[in-house]
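Each chain is listed here by its residues.
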Amino acid sequence: MNKRWVVSEMKRFWISLVIALGIGCDRSAIAQTKIYTPIPLTPSDEIKDRLSENDIPTGQGNFARDYSIQLQSGDQVSIDLSSDNFDTIVTLMTAKGETVAENDDGPDGTTNSLLFTRITKSGNYVVRVKAFGETPGGPFKLKLTKLKPAN
């Protein structure tokens with residue numbers, strides 16, 4: 001047997017054991033294998049989804065779910081977010097996380113959210129669905145519509 005091969009296999013064994021047992025590291029770091037990837041959002045399609053404790057913790061006792069969309073300078077959009085299970089908040093952000101616009105309660109007197117905004121710079125954007133207060137969430141409907149200017 002080749003001595004180098006034996007040493008190499010022993011190293012691989014010990015490294016695997018350390019990783020498996022989480023020795024010398026924070027176990028939560030090992031468990032965090034999910035990569036942040038917002039869900040693609042298509043204009044005019046209504047999404048029926050569910051906000052839960054498995055989504056992004058906000059640090060405020062609630063959770064958020066992100067959707068990505070490509071928007072162009074001059075686009076006028078409405079974002080409609082509704083739920084019968086929780087008080088909704090919708091936020092439109094740049095890909096860098098800067099808030100462009102946000103709405104908590106829409107004009108209909110409910111806790112649903114309705115946001116209107118004009119895009120000033122072309123690029124990738126994130127639509128964030130969030131529950132108000134310390135609420136895990138529940139089922140919701142989300143729809144982004146590109147509005148056409150009146151002639």
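Each remark here, short or long, concerns the structure printed above.
Residues numbered from 1 in each chain as written. Predicted model: local features only at pLDDT ≥ 70, side-chain atom pairs only at ≥ 80, totals over all residues. Heavy atoms only, no water.

Visitor: I would appreciate a short explanation of the overall build of the protein in the present structure.
Guide: Within the protein, the regular secondary structure consists of 2 helices and 10 strands. Starting at the N terminus and ending at the C terminus, the protein contains elements arranged as α-α-β-β-β-β-β-β-β-β-β-β. Counting all 151 residues of the protein, 33% fall into the buried class. If you take every contact in the protein between residues at least 6 apart in sequence, the share linking residues at least 24 apart comes to 72%. Carbon and sulfur atoms make up 53% of the accessible area of the protein, which amounts to about 10,100 Å² in all. (Helix = DSSP H or I, 4+ residues; strand = E, 2+ residues; numbered from the N terminus. Buried < 20%, exposed > 50% of the residue type's maximum accessible area, 1.4 Å probe, protein only. Contact = heavy atoms within 4.5 Å. Areas by Shrake-Rupley, 256 points an atom, 1.4 Å probe, with all protein chains shown as cover.)

Visitor: How should the sheet that holds strand β2 (residues 47–51) be read in this particular structure?
Guide: In a beta sheet, neighbouring strands are held together by backbone hydrogen bonds and run either parallel or antiparallel to one another. Read across the open sheet, the 4 strands follow the order β2-β10-β5-β8; overall the sheet is antiparallel. For this open sheet the edge positions go to β2 and β8 (113–118), each flanked by a neighbour on one side alone. Adjacent strand axes in the sheet meet at a mean angle of 25 degrees, parallel and antiparallel pairs treated alike. Judged from the 7 bridges that link them, strand β5 (residues 76–82) and strand β10 (residues 138–147) form a sheet pairing that is antiparallel. Bridge pairing links Asp80 to Lys143 in β10. (Pairing = 2+ DSSP bridges. Axes fitted to C-alpha atoms, helices over the stretch in contact; angles between N-to-C directions.)

Visitor: Got a minute to help me understand the nonpolar core in this structure?
Guide: Within soluble globular proteins, side chains that are nonpolar generally end up buried alongside one another. With 23 residues, the main nonpolar core has Leu41, Tyr67, Ile79, Val127, Phe140 and Leu142 as its most contacted residues. Counting only elements with at least two residues in this core, the list comes to β2, β4 (63–71), β5, β6 (88–94), β9 (123–131) and β10. Dropping the residues within four chain positions of it, Leu41 is found in contact with Ile47, Tyr67, Ser68, Ile69, Val127, Leu142 and Leu144. (Core = buried A, V, L, I, M, F, W, Y, C linked by side-chain atoms within 4.5 Å.)

Visitor: Any chance you could explain the layout of surface pockets here in plain terms?
Guide: In this approach the atoms are scanned with a rolling probe the size of a water molecule, which exposes any empty space left behind. Quantified by volume, the second largest pocket comes out at close to 160 Å³. Surrounding the second largest pocket, Thr94, Ala95, Lys96, Glu98, Lys121, Ser122, Gly123, Asn124 and Tyr125 form its lining. The element best represented in the lining of the second largest pocket is β9, accounting for 3 residues. The class makeup of the residues in the lining of the second largest pocket is 2 nonpolar, 4 polar and 3 charged. (1 Å grid on protein atoms, 1.4 Å probe; cavity = no way out; pocket = protein on both sides within 12 Å on 5 of 7 lines; lining within 4 Å. Points joined across faces, edges and corners; volume = space filled by probe spheres on them. Nonpolar A, V, L, I, M, F, W, Y, C, P; charged D, E, K, R; others polar.)

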